[in-house]
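Structural overview for review
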Amino acid sequence: MQTVIKAPNVQLNGPDSVEAVLKELTLEEKLYLLTGGSGFGTCAVERLGIPAAMMVDSAAGINLAQYFGDLYSRIQIREGKPFKSLAGVTNTEETGAMITAISEGRELEGEAAERYQKICKERRKITDVDELPTCFPTGMLLGSTWNPETVEQCGRAVGREARCFGVNILMGSPDANIQRDPRGGRVFECYTEDPCVMSTLAPAMVRGVQSEGVFANAKHFAANNQETARLKINETISERALREIYFPGFRACVEQSGLKTIMCAYNHINGVGCSMNRWLLRDVLRGEWGFKGMVMSDWGGVYDQVQAVRAGNDLDMPGVRDMAPVREALENGQLSMEEVDFCVRNILTSLAENPSLQDPSRKKLDKCFSAEAAYHAAVEGFVLLKNDGALPLREPCKLALFGEGCKQFITTSRQSSRVFSYKQPRLLEELETRLGKDNVRFEEFPTHADAVLITVQSLGTEGKDRPDLQIDAEQREMLERGLDAARRAGAPAILLLNIAAPIDISSYVERVDAIIAVYYPGIEGARALADVLLGKISPSGHLSITYPRRVEDCPAYGFFPGASYSALYNEDIYVGYRYYDLKDVSPLYPFGHGLSYTTFALSNARLDVAQVNQDFASGCTLYVDIENTGDCDAKAVVQVYLHHASNVLPRPVRELKAFQKPFLRKGEKRTLSFRLSIEQLAAFDPRFHQWIAEPGEYVLEAGFSSRDLRVRTALQVSGHTPYDYGKHTPLRQIAANPAAYAALLENFAPFDVTRGDFEDCLKYFPDKELGVIVQELLVNKHLSGDDPKLCAAISQIYDELKNMQPVLC
Ligand code: BGC
């Protein structure tokens, strides 16, 4: 690197040393630290003991192609070679092919063999592990578990693997983006369409990963909801939708779990690219939520290096990037050294705090620990969408299987979420082992079968959205063959959905006897599914995304994925079930839906208090009794929805506010309690930059899906809000209440402000706020704002108005 200056024993050896190291750094070193040191790593400055952190993606486990790519790019950089090919930015195809060849026992030849040797040597510098990692279920399945403990356990397992491999930051742990539209190419990486589910599960992943001494990374901040034109798309989104729908998952990771790193999204929000968005990064993330970690860009997501530093995008990935624009901006005064130091300090602190960098001692891979975490997540995430009694299967049984997916489930997409694992989920093999080879047939028309299992697959693709929700033609053809086989054998047809996200199965629902959404189930997917199919365990996954009847019903249909690099978020806060409920559109399967092998009953919803003051520190506890009324032990997902008919801000018909997943033995009865804070009941009003819980009635309903609500109760909230009459009240709202309007006229009459003046204003500017109107009238009438009589009259008006109930208009 650059000229080495002798440092007086200053070393980065913990957070307390950061300021001293910062002082020691030369400008060139600072600039060097602001970008990556390789394809997937930060820069090291040896003389000051600054280590390089390695980061790889982890949507379904450790991305070994990136890991290999980074090791190779380190070698190339050390050898002074420009790093292209293997270490190319995100081009991990070559390392991927290398890993595939090795794991299939094929010999590498020539240059590839030489590279592989070099990579292995480099790898041995940081780890003793030379096995392949675990592939875990992806976000779509984790979301369907509705179980933060399960998600946390997966986080712990993948974090532990990272520690063994010598990886310091796990990117995308979690992908906290909301599933705005099922056509999104990366919907399978994300958990849900709902901010409450997201805010419960995403921080659990962070907790798990970070408990192993590795830093988690939430991506892509914020509103990264489509792949079409992903680098250029400008999304027009209201602040309310950002605050109520797209931000809460990220916020929860910061506030609840002390998230250590965050990755900015590629997209622009209201005109500003996320890495260059000071409001997003400095005001909201750091200022409001108190984020103390490191912000990094998505790969190539810094479109203006100077703006990015100014906005607080600490690390510009990938490296190595020429930082000349930042140097120039410093020289010509466009950027201050404080702004550069701010980012460098965050990077240094992050490196100094990272336990896996501070204690890089080697650890052994515990595959069983990971396999168990993957198994439990799969079991808890499979969603039984329909069951006419075909499931569970009763042993002994003869089965016919259709679809390549039965031989091997898809587990990830090919891009950053890719995991080369040591095992594949193979249902056919698993069932052969359990039921005997003779009892399981693949793609044969059996004369006798107890059930026909048909696996339909769909791909999730980073960089590409789906044009529709159609099942591929060749899959449809296979599905028809499977259905035909079932019909001929007089056997029930069971549809298994090995899918990235909802697809259009509406025309098949009536033709099959049972449906299970398996999603991308990880390496233990076949074992877990066999247990569910054979009734060893009851399914307990519930939908964390709505299944539409037709693509045209999707909330963003018509504006997704936008055109001419512009995406209008016209559906606003009405994402997912909020839209289906608002428009009274019937979904194929509603949000929250999921069947079990048992039945549950809910009763006796009650609150600890009937009324609370809207002080944000207060809240209430909802109690609901649940009973397992069927004949097997199982887990239930109890969901609590809120309905509030607002006087001012339109609110969704229902919003999920809490949920629990209790395990109940058959016949067991229990009381569940849900604590709800006033803040959870509030809505965000951008006009006041505030979460506001209006006084009034809040109905709480509990049930097993957004369309299966069994019990309800109501809470009264009292108190004042900015909506009470005052400075911010729009004139039309005052005029709607005769008493308020009269008070206004009466108090202004002595100052020659007439009804006519107000009428004019009402006609042309009905939404103008009272405070503004008063100021304008004073100017127009040449009155002095200091006049004591006038001041008294104005405060009198506000006093009188304060005690009146606003009238809806
Ligand atoms: C993806 C990120 C990923 C990064 C590094 C980008 O193209 O959008 O999700 O973490 O590459 O692999």
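A brief report on the enclosed structure follows. (Residues numbered from 1 in each chain as written. Predicted model: local features only at pLDDT ≥ 70, side-chain atom pairs only at ≥ 80, totals over all residues. Heavy atoms only, no water.)

**Comments concerning the packing of aromatic side chains**
- For the structure shown, the criterion picks out 21 aromatic pairs.
- Relative to Phe68, the ring of Tyr67 lies with its centre 6.4 Å away and its plane at 35°, an arrangement referred to as tilted. Exposure class is identical for Tyr67 and Phe68. Each is buried.
- Counting every residue linked through ring pairs, the aromatic cluster contains Trp146, Tyr577, Phe591, Tyr641 and Phe659.
- One residue, Arg160, lies across the ring of Phe369, its end atom 3.8 Å from the ring centre.
- Lying across the ring of Tyr422, Lys367 places its NZ or CZ 4.2 Å from the centre. (Phe/Tyr/Trp six-rings, centres within 6.5 Å; stacked < 30°, edge-to-face > 60°. Buried < 20%, exposed > 50% of the residue type's maximum accessible area, 1.4 Å probe, protein only. Lys NZ or Arg CZ within 6 Å of the ring centre and 35° of its normal.)

**Remarks on helix 3 (residues 64-78)**
- If you check helix 3, its first and last C-alpha atoms are 21 Å apart, about what 15 residues at 1.5 Å a residue would give, namely 21 Å.
- Burial analysis of helix 3 places 12 of its 15 residues in the buried class, which makes it a mostly covered element.
- Among the residues of helix 3, Leu64, Ala65, Gln66, Tyr67, Phe68, Gly69, Asp70, Leu71, Tyr72, Ser73, Ile75 and Gln76 are the ones counted as buried.
- Residues of helix 3 that are buried make contact with strand 1 (55-57), helix 4 (93-103), helix 5 (110-124), helix 7 (148-165) and strand 2 (169-171).
- The backbone nitrogen of Ala65 lies 3.1 Å from a side-chain oxygen of the residue at the head of helix 3, namely Asn63.
- Backbone geometry just after helix 3 places Gly80 at a positive phi near 75°. (Helix = DSSP H or I, 4+ residues; strand = E, 2+ residues; numbered from the N terminus. Expected span 1.5 Å × (residues − 1). Contact = heavy atoms within 4.5 Å. Polar contact = N/O pair within 3.5 Å; in protein donor to acceptor, adjacent residues only side chain to side chain.)

**Side note on unusual backbone geometry**
- The omega torsion of the bond from Met317 to Pro318 falls at -5°, within 30 degrees of zero and hence cis.
- Mapped onto the fold, Pro318 is located in the loop between helix 12 (305-311) and helix 13 (324-331).
- Geometrically, the link from Glu395 to Pro396 is a cis peptide bond, its omega value of -5° lying close to zero.
- Following the sequence through the fold, Pro396 ends up in the loop between strand 9 (383-387) and strand 10 (399-402).
- Not every positive phi belongs to a glycine, and Tyr519 is a case in point at roughly 50°.
- Here Tyr519 lies in the loop between strand 14 (514-517) and helix 19 (525-533).
- For Tyr519, a relative accessible area of 0% translates into the label buried.
- Unlike most non-glycine residues, Tyr565 shows phi in positive territory, near 60°.
- When its relative accessible area of 48% is taken as the criterion, Tyr565 is described as partly exposed.

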